[in-house]
Every structure is written in C-alpha cells, then in structure tokens.
Amino acid sequence: MEAVAPANKSRRKARIFGLGVLVALGALIAWYPLSDHYAPYATGASITANVTQIAPRVAGPIQHVLIADNAEVTAGQPLFQIDDTTFKMDVAQAQAQLDQALNSVTAGVAAIPAAEAKLSQAKVALITAEQDLDRATQLHEKGLMPIARFTPIEANYQTAGLNVAAATAELERVKLSASTADGNNPNLRAAQAALDRAQFALVNTTIVAPADGYVSNLSLAEGQFVAAGTPAMTFINPATQMVIADLRENQLLNVRAGDRAIVIFEAAPGQQFEATVESIAWGINSGRTSVNGLAQSSNDTRWFPPARKVPVRVTINDMSALPPNVRLGSEASVLILPDEGFVPTLARGLLRVSSLLSGFN
C-alpha cells in the first residue's frame with residue numbers, strides 16, 4: 001500500500017502537468033487570432049522620412065563647400081557656393097541691354113511730337129485733295145474737264161488718304177515704342193526678363209537648405225564642376241519621419257486611420273513611444289505577370305504560401321522624444337490598439353517585456 005501511494009501521487013502530478021501544457025497550448029493557439037484582430041503587432045518595421053536629392057539650378061565650378069557630411073542644418077543655411085564670376089557678368093550685360101532699351105524709349109518719346117505733326121500735315125493734305133476732287137468731279141460730270149486732267153486729281157486724293165494711314169501707323173508705333181507705364185513695350189519686357197533671369201541665376205549660385213534637417217552623402221570638393229540638376233548631396237527632413245510597418249491582411253480587419261499605436265525600437269531598449277496610425281496603403285503589387293498580353297497563372301505549389309502584407313504608416317506623436325541613435329532605417333516593432341480590453345492590455349505588457357529583453361541581444 002505504501003508503494004502504491006507515491007505512484008498515484010506521481011500520476012496526479014503528471015496529469016496536472018499535462019493539463020497545464022494543454023491549457024497553455026490552447027491559450028497560445030487562441031492568442032494568435034485574438035491578437036491579430038484586437039492588437040495587431042508587426043516586427044521588422046523601420047523609420048523613414050522624406051529624402052531629397054539637393055542639386056544646383058545652375059552649372060559651374062564649386063567655389064566653397066560650407067558644410068560637412070552628416071551635418072545638421074537649418075532652413076536657408078548656405079550649403080555650398082558655385083563660382084559666380086560669369087553670372088555677375090551676365091547680370092551686368094542684361095542691365096546694359098535694359099538701359100539701352102530705356103534709351104530707345106526716351107528717343108521714342110521725343111519723336112512723338114514730330115509724328116503727330118506729320119499726321120496733321122497728312123490730314124490737311126487729305127482735306128485739300130478731297131476739295132479738289134469734289135470740284136473736279138462736278139466739272140467732269142458737266143463735260144468741262146477732260147478725263148486726262150480728272151485722273152491725276154483723283155489719284156492725288158487716294159495718295160493723300162494713304163499718307164494719312166501711314167502717318168497714323170507711324171504715330172502708333174512711336175507711342176508703343178515709348179510706352180513704359182503699362183508695360184506694353186516688347187523691347188523693355190524682353191530686356192527686363194533677361195535681367196531677371198540673370199539675377200535669378202546669380203542668386204542660385206549659393207545653394208541653401210530647404211528646411212531644418214540633415215545632409216548626408218556629401219560628394220563635393222572645391223574646384224569640382226557640377227552640372228545643373230546633378231545631385232550633390234542628400235537632405236533628410238526629420239519633421240516628416242514616420243514608421244512603416246507591414247501587416248498581414250487579416251491583421252487589418254479592425255485597423256483604421258487614427259488608431260492608437262505603440263512603437264519600440266531596437267536602438268531604444270525598454271522605451272515605448274506613443275504613435276498614431278496615419279494611413280493604410282490602398283494596394284500592393286500582386287506579383288502577377290503577363291505573357292503575350294495574357295495573364296500568367298501562378299505555379300505556386302506550396303502548402304502554406306506566404307501571407308501578403310500591406311504597408312501601414314504610423315507617426316510618432318512626439319518626435320522630440322526619440323533618442324539620437326534612432327535614425328533613418330532604424331528597426332522598429334509596432335503594436336496597434338484599435339480598442340481597449342484584455343487582449344490589448346496583455347499585448348502591451350508583452351511588448352514591454354520584449355522591449356526590455358531587446359537590450360540584452
């Protein structure tokens with residue numbers, strides 16, 4: 001009897017242990033669909049931001065490089081300068097052309113009275129020719145003037161009319177040439193546009209930072225020739241930083257823009273950062289190809305094909321709280337909390353443990 005009691009006790013312990021294993025296994029199996037629906041979690045996320053290639057608008061040799069690689073810059077801070085010698089010459093030439101156009105306008109103003117007097121003379125001559133034609137017509141109709149004398153008088157009237165039209169056109173041309181107030185003078189407009197273009201090019205020999213941020217991948221040296229539109233460095237705008245996480249399709253059932261999220265970084269063990277779901281991608285590449293204009297069927301024979309994942313954009317609520325070692329491309333994990341409840345609370349606890357353990361990796 002004494003030997004049977006320990007054996008029964010051992011069997012009870014084994015049954016309890018087995019039952020515990022089954023309960024734990026069942027809880028683990030149930031946890032995955034529950035967490036996917038009520039607390040979606042994604043690893044392998046990364047922090048990203050708007051990255052701009054900075055290139056000059058004008059070409060020329062580099063005169064000064066004013067910043068170092070990986071430097072922090074402020075909006076409007078000069079980054080590098082192109083030799084502006086030829087650009088200053090272009091401005092001086094354009095200014096001289098504008099002055100010349102203004103002188104032409106001044107000469108045109110002085111020519112207006114002469115053109116007006118010429119028009120007045122032409123009009124007087126037209127009136128005289130018209131009177132002569134009237135008298136000649138009456139005499140010709142009465143048979144008192146032969147056709148040989150009438151024809152020159154009629155031709156003189158027509159010539160006087162053409163002279164008035166020519167004098168009127170000349171006066172309009174002179175006035176248009178002298179016009180400056182309303183900007184109708186084409187020569188002045190062209191000269192002013194050339195000057196503005198030359199001054200714009202001169203200003204753009206100094207390349208400045210578009211916003212507060214960081215420069216990277218600097219590849220410039222003094223004396224190096226750069227072409228217009230050729231990238232010279234990379235600019236990172238930290239104000240646009242966000243986290244991109246890839247979630248499986250079944251994890252997005254309850255996720256909406258504006259949902260609360262929590263982000264942890266490998267570079268910041270033990271820290272959790274409050275965030276907000278900004279948006280969910282509208283689509284991903286299906287990977288389907290076409291041959292000869294027809295869709296090609298998939299030949300995937302795997303029992304469990306990999307789940308497709310959709311990018312989700314998450315913004316950190318307080319970007320200033322990020323430590324300096326969290327940079328573009330830093331690895332992150334994202335937990336989305338569409339609602340409150342037991343599952344989200346437990347997921348937050350597990351996330352904190354995971355964050356603390358990441359510091360020992």
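Residues numbered from 1 in each chain as written. Predicted model: local features only at pLDDT ≥ 70, side-chain atom pairs only at ≥ 80, totals over all residues. Heavy atoms only, no water.

## Here's the deal with the overall build of the chain
Here is step 1: Counting secondary structure elements, the chain contains five helices and 14 strands.
Here is step 2: Relative to its full complement of 361 residues, the chain shows a buried share of 30%.
Here is step 3: At a minimum sequence separation of 6, the contacts of the chain that also span at least 24 residues come to 79%.
Here is step 4: Counting every atom, the chain has about 22,500 Å² of accessible surface; 57% of that belongs to carbon and sulfur. (Helix = DSSP H or I, 4+ residues; strand = E, 2+ residues; numbered from the N terminus. Buried < 20%, exposed > 50% of the residue type's maximum accessible area, 1.4 Å probe, protein only. Contact = heavy atoms within 4.5 Å. Areas by Shrake-Rupley, 256 points an atom, 1.4 Å probe, with all protein chains shown as cover.)

## A short note on the sheet that holds strand 5 (residues 206–208)
Here is step 1: One open sheet accounts for four strands, arranged 5-4-2-7; its pairing is antiparallel. Two strands in the sheet have a free side with no partner beyond their single neighbour: strand 5 and strand 7 (225–226).
Here is step 2: When strand 4 (residues 78–82) meets strand 5, the two strands line up antiparallel, connected through three bridges. Bridge pairing in strand 5 places Pro-78 opposite Val-208. (Pairing = 2+ DSSP bridges.)

## Regarding the nonpolar core
In globular proteins that are soluble, nonpolar side chains generally tend to be buried together.
Here is step 1: With 24 residues, the main nonpolar core has Val-243, Val-263, Phe-265, Val-314, Ile-316, Val-334 and Ile-336 as its most contacted residues.
Here is step 2: Taken together, the elements giving at least two residues each to this core come down to strand 1 (41–54), strand 8 (233–248), strand 9 (260–265), strand 10 (268–280), strand 13 (309–316) and strand 14 (331–337).
Here is step 3: Not counting chain neighbours up to four residues away, the residues in contact with Val-243 comprise Ala-45, Ser-46, Ile-47, Val-263, Phe-265, Val-312, Arg-313, Val-314, Ile-316, Ala-332 and Val-334.
Here is step 4: Ala-209, Val-215, Leu-218 and Leu-220 belong to the second largest nonpolar core, which has 20 residues in total. (Core = buried A, V, L, I, M, F, W, Y, C linked by side-chain atoms within 4.5 Å.)

## What to know about the packing of aromatic side chains
Here is step 1: Throughout the structure, instances matching the rule amount to one aromatic pair.
Here is step 2: Ring geometry for Phe-265 against Phe-273: centres 5.7 Å apart, planes inclined by 65°, an arrangement best described as edge-to-face.
Here is step 3: Judged by relative accessible area, which is 2%, Phe-265 ranks as buried.
Here is step 4: On the basis of relative accessible area, Phe-273 is assigned to the buried category, the value being 6%. (Phe/Tyr/Trp six-rings, centres within 6.5 Å; stacked < 30°, edge-to-face > 60°.)

## A look at the pattern of salt bridges
Here is step 1: If you walk through the whole model with that rule in mind, you get four salt bridges.
Here is step 2: Members of the salt-bridge network, linked through shared partners, are Arg-260, Glu-274 and Glu-340. (Salt bridge = Lys/Arg side-chain N within 4 Å of Asp/Glu carboxyl O.)

## Some remarks on the pairing of strand 13
Here is step 1: Along strand 13, the buried face is formed by Val-310, Val-312, Val-314 and Ile-316; none of Lys-309, Pro-311, Arg-313 and Thr-315, which line the opposite face, is buried.
Here is step 2: Pairing of strand 8 with strand 13 involves six bridges; the strand directions are antiparallel. Paired with Val-243 across the strands is Val-314, a residue of strand 13.
Here is step 3: Both strand 10 and strand 13 contribute to a ladder of five bridges, which runs antiparallel.

## Considerations on unusual backbone geometry
Here is step 1: Backbone geometry places Asn-70, a non-glycine residue, at a positive phi of 65°.
Here is step 2: By relative accessible area, Asn-70 is classed as exposed at 55%.
Here is step 3: The backbone of Asn-217 shows a phi angle near 55°, a positive value even though the residue is not glycine.

## Observations concerning a nonpolar patch on the surface
Here is step 1: On the surface, Phe-342, Leu-346 and Leu-350 cluster together to form a nonpolar patch covering roughly 320 Å² of accessible area.
Here is step 2: On the secondary structure map, Phe-342 appears in helix 5 (residues 342–357).
Here is step 3: Phe-342 sits in the exposed class, given a relative accessible area of 67%. (Patch = residues over 30% accessible without salt bridge, like charges linked within 9 Å, V, L, I, M, F, W, Y side chains within 5 Å.)

## Things to note about helix 4 (residues 186–203)
Here is step 1: Over its 18 residues, helix 4 runs 26 Å from end to end, which matches the ideal 26 Å to within 8%, given 1.5 Å per residue.
Here is step 2: The set of residues buried in helix 4 consists of Leu-188, Ala-191, Ala-194, Leu-195, Ala-198 and Ala-201. Viewed end-on, helix 4 has its buried residues packed into an arc of 160°, placing them on one side of the element. Helix 4 presents Arg-197 and Val-203 as exposed residues on the side facing more than 90 degrees away from its buried surface. (Expected span 1.5 Å × (residues − 1). Arc of directions from axis to C-beta.)

## Some remarks on the side chain of Asn-204
Here is step 1: Along the chain, Asn-204 turns up in the loop between helix 4 and strand 5.
Here is step 2: Classification of Asn-204 as buried rests on a relative accessible area of 17%.
Here is step 3: Here Phe-200 takes part through its backbone oxygen, which lies 2.7 Å from a polar atom of the side chain of Asn-204.
Here is step 4: When sequence neighbours within four positions are dropped, the list of residues in contact with Asn-204 reads Arg-57 and Val-58. (Polar contact = N/O pair within 3.5 Å; in protein donor to acceptor, adjacent residues only side chain to side chain.)

## What to know about the environment of Ala-267
Here is step 1: Assignment of secondary structure puts Ala-267 in the loop between strand 9 and strand 10.
Here is step 2: Residues Ala-267 and Val-326, 59 residues apart in the sequence, show an inter-C-alpha distance of 6.0 Å.
Here is step 3: Not counting chain neighbours up to four residues away, the residues in contact with Ala-267 comprise Asn-325 and Val-326.

## Considerations on the pairing of strand 1
Here is step 1: Relative to strand 14, strand 1 runs antiparallel, the two being bridged by four bridges. Bridged to Ala-42 within strand 14 is Val-334.

## Considering the side chain of Gln-251
Here is step 1: Tracing the backbone shows Gln-251 in the loop between strand 8 and strand 9.
Here is step 2: Looking at Gln-251, the relative accessible area reads 3%, which means it is buried.
Here is step 3: Reaching out from Gln-251, the side chain makes a polar contact with the backbone oxygen of Tyr-41 at a distance of 3.0 Å.
Here is step 4: Not counting residues within four places of it along the chain, the set of residues in contact with Gln-251 comprises Asp-36, Pro-40 and Tyr-41.

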